[in-house]
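Spelled out from the first residue to the last, the chains are:
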Amino acid sequence: MTPILAGFADILNPVTLLWVAAGVAIGYLVGALPGLGKATAVAIAIPLTFALPALPAIAFLIGIAKGSAAGSAVSAILLNVPGEPSSAPTALDGYPLARQGKAGKALKAALYASVLGDLGSTLALVVLAQPIASYALSITPVEICAVLLFSLTFVAGLSAQSLAKGLVAACLGLLAATVGLEIESGLPRLTFGDYRLFDGIPLIPMAIGMLAVGEMILQAGNRAALDQQGASIAKGAHPDDSRMTRDDWRRSAPAIARGTAIGIGVGILPGLGASVGSFLSYGAARARAKEPERFGTGAIEGVAASESADNAVVPASLIPLFALGIPGSVIAAILIGAFMLHGVAPGPLMFAQQPRLVGGIYAAMIAASLALLLIGMTLQGLFAQVVRVPTRRVVPVVLFLCVIGAWLEGGGVFGVQVMLVFAVLGVVFIKLGFSVVNFLIGFVVGRTFELTFRQSIQILGRDPWNLIHHPIALIFLALTAIAVWRFTRGARSTARKSEET
Amino acid sequence: MRATETIAGLALAAFAVVLLVWVIPAEIPRGFSGQLSPRLVPQVAVAGILALGLWIAGAALFGGRIPPHRPGPFSRGELSALVALPALVLLALWVLGLGGPLPAGALLVTGAALMMGERNPIALVLLPVGSLALGWLLLYRILGTTVG
């Protein structure tokens, strides 16, 4: 613990703390803008750190990553526009809460869950970095494929009221994920000769289109009813609508604990990403809820589950980076560049050669978690004013931001076109009762699932009996079977209840 | 609602058949010998869509159970918005090519505001001005990139 204590001493000076706070504040603000994710924010900020010493520079960048992971919940809750795809499940219950005049409560739940998830994951990084990372080396594509298959069963679980439609949406998402150059052979698939599709369909414009623009189309189509609702949703009548009550904490605490654990697990496994973590956590919260039908209509634990996992992924993805030099996520990959720039080579030698710096980084990460709480609470009041602005004035500005986000992340006009196509598809999905979220889960998981599926077939020598040498994979396959059985049973009983009423 | 479910299920099944019979063979090569075909996962996904589409249609036609989510038809307002809002964005993209980001952005924001029922002239001026200023700050100053 001595290097960590020495690291705390290094952090406890006003200039370094200021850089940590500045990073978190900038990240929180950037994360709140649709389409600008943490990876973009950190990449933009790297040049700003050229003149800084290693510790404040890395602390600043990690602060941005943490701040933007939490900030992306703001637009998801207030505008139904996730700052990045991993906040999409937050919008599912956060936005209905905002429409019920409980935006303050939803924002607070998201912030507290973000801070707790982030802090829990940071502590896991400090305590478990080396042992867990060594174990992560034994994870093969067979295990990852089994984990992904397990996560896909939650797609079915998310739509337990209409299992068939949920699965259709997931299959369509998987199909959409196969568009582009096939990773093994390099052959184009379903590109119709358009080279812009060779890299696949860009996720951010797709998510913005389905979740945000689709919602705006429906709002534009129902603006008369919306104007009538306007006054009532502007602000909740009861003080409890703006704060976390004891009952809210009782509902959210298990979801936060579970989400943090899921986020840590997903963050450690390279390539899965925060989206898988937040969707999995949301699915797990819904699957374990006594009243799963509340989800999607404003369940506070849905917001907590999604945000805790989303934020837990960021520090956890640094575990393989710190201990093995392997980036566990895009953000970790970008941070490698920043580390090298400042003369730090991530990997096992970092612990031996620069223990004090490692301690300083750990301390900065803990300080960033606390800064996130303070800055989030300060800025939330400002953000919460958005719900008081009439929808007819919010929609044009949000549409403009959506177009900018799709333009930036989709490579110009193509990104905007993708956004529009999926906006129309999103509206059709919503009106016909197909789940937009299931589609996005299928898409997010699709590419990695296909790759690990192919690798698994080769590793197993096309003989399923060889699975016996992969006990972790077998456990997840068994869990998958149990999950399918439970969700199918749940769907049947829901349908029966519906018939009776 | 039963008719909507039946049509949706049958449309999905038809979509899947078209993909399986024509689109996938035409748009995805067979791949190289000794490797798994690039068609494998798309075909599995489409087969799933076909089976589930038939299940949805069959349940609506012959089963007593209708899923709890009962989709309503599109209202006239929703249908107009479904056409008008994407058309507005496409128009703005076209103007972007002709006149640059300022008129395109102003058209997008003002058009969307009018579509949402905004009639206050001050708001109709301030909304595009504020949005364009925000866009300029974000794109040109912070990100150091351009549009158009």
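The shown structure was predicted, so the numbers you read here are calculated from the model rather than taken from an experiment. (Residues numbered from 1 in each chain as written. Chains lettered and ligands numbered in written order. Predicted model: local features only at pLDDT ≥ 70, side-chain atom pairs only at ≥ 80, totals over all residues. Heavy atoms only, no water.)

Q: How do you make sense of the overall build of chain B when you look at a structure like this?
A: When you go through chain B residue by residue, the secondary structure sums to five helices and zero strands. The helix and strand sequence of chain B, counted from the amino end, reads α-α-α-α-α. The proportion of buried residues among the 148 residues of chain B is 38%. For chain B, the accessible surface area stands at approximately 7700 Å², while carbon and sulfur atoms represent 72% of it. (Helix = DSSP H or I, 4+ residues; strand = E, 2+ residues; numbered from the N terminus. Buried < 20%, exposed > 50% of the residue type's maximum accessible area, 1.4 Å probe, protein only. Areas by Shrake-Rupley, 256 points an atom, 1.4 Å probe, with all protein chains shown as cover.)

Q: Is there a simple way to think about the interface of chain A and chain B in this case?
A: By a widely used convention, the size of an interface equals the accessible area lost when the partners come together. Listed by partner, the interface residues are 69 residues for chain A and 73 residues for chain B. Counting the surface lost from both chain A and chain B, the interface buries some 6000 Å², and carbon and sulfur atoms represent 78% of this. It is A:Phe400, A:Trp407 and A:Lys431 that lose the most area in chain A upon contact with chain B, and together they represent 10% of the buried surface on that side. Taken together, the connections running from chain A to chain B amount to four salt bridges. Of the charged contacts in the structure, one is a salt bridge between B:Glu78 and A:Lys431, with a shortest N-O distance of 3.1 Å. Linking chain A with chain B are nine residue pairs in polar contact (both at pLDDT 80 or more). Of the residues forming the side of chain A that touches chain B, the biggest block, 13 residues, is contributed by helix H18 (residues 391-410) of chain A. In terms of residue class, the side of chain A that touches chain B is made up of 42 nonpolar, 13 polar and 14 charged. (Contact = heavy atoms within 4.5 Å. Buried area = accessible area lost by both parts, 1.4 Å probe. Salt bridge = Lys/Arg side-chain N within 4 Å of Asp/Glu carboxyl O. Polar contact = N/O pair within 3.5 Å; in protein donor to acceptor, adjacent residues only side chain to side chain. Nonpolar A, V, L, I, M, F, W, Y, C, P; charged D, E, K, R; others polar.)

Q: When you look at empty space enclosed by the protein in this model, what are you seeing that I'm missing?
A: Over the atoms rolls a probe the size of a water molecule, and in doing so it shows where empty space is left. Residue and element names in this part refer to chain A. Under the criterion given, the structure shown has two cavities of 30 Å³ or more. Lining the second largest cavity are Tyr28, Ala70, Ala73, Val74, Leu107, Ala110, Leu111, Ser114 and Gln380. Breaking the lining of the second largest cavity down by element, the ones donating at least two residues are helix H4 (54-79) and helix H6 (103-136). Top contributing element to the lining of the second largest cavity by residue count: H6, with four residues. (1 Å grid on protein atoms, 1.4 Å probe; cavity = no way out; pocket = protein on both sides within 12 Å on 5 of 7 lines; lining within 4 Å. Points joined across faces, edges and corners; volume = space filled by probe spheres on them.)

Q: Would you mind showing me how to read helix H2 (residues 14-31) of chain A here?
A: The α-helix winds at 3.6 residues per turn, so residues separated by three or four positions along the chain end up facing the same way. Taking 1.5 Å as the rise per residue, H2(A) with 18 residues should run 26 Å; its terminal C-alpha atoms sit 25 Å apart, in good agreement. Among all positions in H2(A), only A:Thr16, A:Val20, A:Gly23, A:Val24, A:Gly27, A:Tyr28, A:Val30 and A:Gly31 are buried. (Expected span 1.5 Å × (residues − 1).)

Q: Sorry if this is basic, but what is going on with the packing of aromatic side chains here?
A: All names here are of chain A. Inspection of every chain in the model, using the stated rule, returns seven aromatic pairs over all chains. Both rings, one in Trp19 and one in Phe60, keep their centres 5.1 Å apart while their planes meet at 80°; by these two values the pair is edge-to-face. Note that Trp19 is positioned in helix H2 and Phe60 in helix H4, a separation of 41 residues in sequence. Judged by its relative accessible area of 26%, Trp19 falls in the partly exposed class. With centroids separated by 5.9 Å and ring planes inclined at 50°, the aromatic side chains of Phe429 and Phe434 adopt a geometry described as tilted. The pair formed by Phe429 and Phe434 is uniform in burial state, with each residue classed as buried. Linked through ring pairs, Phe422, Phe429, Phe434 and Phe439 together constitute an aromatic cluster. Between Lys165 and the ring centre of Phe434, over which it is positioned, the NZ or CZ distance is 5.3 Å. (Phe/Tyr/Trp six-rings, centres within 6.5 Å; stacked < 30°, edge-to-face > 60°. Lys NZ or Arg CZ within 6 Å of the ring centre and 35° of its normal.)

Q: Mind showing me how you'd approach the packing of helix H11 (residues 246-268) of chain A against helix H12 (residues 273-288) of chain A here?
A: Packed helices, taken two at a time, are described by the angle between their axes plus the distance between the axes. Residues and elements named next belong to chain A. It is at 9 Å that the axes of H11 and H12 come closest, and there the two elements cross at 145°. Handedness of the H11/H12 crossing: right-handed. Contacts between H11 and H12 involve Ala255, Arg258, Gly259, Ile262 and Val266 on the former and, on the latter, Gly273, Val276, Gly277, Leu280, Ser281, Ala284, Ala285 and Arg288. Of the residues belonging to the contact of H11 with H12, the class tally is seven nonpolar, four polar and two charged. (Axes fitted to C-alpha atoms, helices over the stretch in contact; angles between N-to-C directions. Left-handed = near helix turned anticlockwise from the far one by under 90°.)

Q: Just checking my understanding: could you explain a nonpolar patch on the surface for this structure?
A: Residue and element names in this part refer to chain A. Together, Ile475, Leu479, Ile482 and Trp485 make up an exposed nonpolar region whose accessible area comes to about 410 Å². If you trace the backbone, Trp485 turns up in helix H21 (residues 471-500). Since its relative accessible area comes to 51%, Trp485 is described here as exposed. (Patch = residues over 30% accessible without salt bridge, like charges linked within 9 Å, V, L, I, M, F, W, Y side chains within 5 Å.)

Q: What exactly am I supposed to notice about helix H3 (residues 76-99) of chain B here?
A: With 24 residues, H3(B) should cover 34 Å at 1.5 Å per step; its first-to-last C-alpha distance of 33 Å lies within 8% of that length. Listing the buried residues of H3(B) in full gives B:Glu78, B:Ala81, B:Leu82, B:Leu85, B:Pro86, B:Leu88, B:Val89, B:Ala92, B:Leu93, B:Val95 and B:Leu96. The secondary structure elements touched by the buried residues of H3(B) are helix H9 (203-221), H18 and helix H19 (413-432) of chain A together with helix H4 (101-115) of chain B. Backbone geometry just after H3(B) places B:Gly100 at a positive phi near 95°.

Q: Any chance you could explain the packing of H12(A) against helix H13 (residues 300-316) of chain A here in plain terms?
A: All names here are of chain A. At a closest axis distance of 8 Å, the pairing of H12 and H13 adopts a crossing angle of 150°. Between H12 and H13, the crossing angle belongs to the class labelled roughly antiparallel. Considering only the axes of H12 and H13, their crossing is right-handed. Each of Gly273, Ala274, Gly277, Ser278, Ser281, Tyr282 and Ala285 in H12 lies in contact with H13, whose residues at this interface are Gly302, Ala305, Ser306, Ala309, Asp310 and Val313. Across the contact of H12 with H13, the residue classes tally to six nonpolar, six polar and one charged. (Parallel < 35°, antiparallel > 145°, perpendicular 65-115°, else oblique.)

Q: I tried to follow the confidence of the model for chain B on my own but got confused; where do I start?
A: It should be kept in mind that the predicted coordinates are not to be read in detail where pLDDT is low. In this model, chain B carries an average pLDDT of 86, and 91% of its residues clear a pLDDT of 70 or more. Averaged over each element, pLDDT in chain B is lowest for helix H5 (residues 121-142) of chain B (87) and highest for H4(B) (92). (pLDDT = per-residue confidence, 0-100.)

Q: So what exactly am I meant to see when it comes to the nonpolar core here?
A: Side chains of a nonpolar character, in soluble globular proteins, are inclined to be buried together. A:Ile77, A:Leu318, A:Phe322 and A:Ile361 are the most contacted members of the largest nonpolar core, which has 73 residues in total. Excluding anything up to four places from it in sequence, A:Leu318 contacts A:Ile62, A:Leu125, A:Ala332, A:Leu335 and A:Met365. Residues A:Leu152, A:Met210, B:Leu12 and B:Leu19 belong to the second largest nonpolar core, which totals 53 residues. (Core = buried A, V, L, I, M, F, W, Y, C linked by side-chain atoms within 4.5 Å.)

Q: What is the right way to look at the pattern of salt bridges in this model?
A: It is possible for side chains of opposite charge to pair when their charged atoms get near one another. Residue and element names in this part refer to chain A. In total, this model carries 15 salt bridges over all chains according to the counting rule given. Where Lys105 meets Asp248, a salt bridge forms, and the shortest distance between an N and an O atom there is 2.4 Å. Highlighted residues: Lys105 in helix H6 and Asp248 in helix H11, separated in sequence by 143 residues. Of the two residues, Lys105 and Asp248, neither departs from the other in class, the shared state being buried. In this structure, Arg454 and Glu450 form a salt bridge, with 3.5 Å as the shortest nitrogen-oxygen distance. Taken together, the residues span about one helical turn, with Arg454 and Glu450 both in helix H20 (residues 436-459) at a distance of four residues.

Q: Honestly, the environment of A:Gly209 in this entry has me stumped. Any pointers?
A: All names here are of chain A. Looking at the element boundaries, Gly209 is found in helix H9. When its relative accessible area of 0% is taken as the criterion, Gly209 is described as buried. Setting aside residues no more than four positions away along its own chain, Gly209 makes contact with Gly214, Met419, Phe422 and Ala423.

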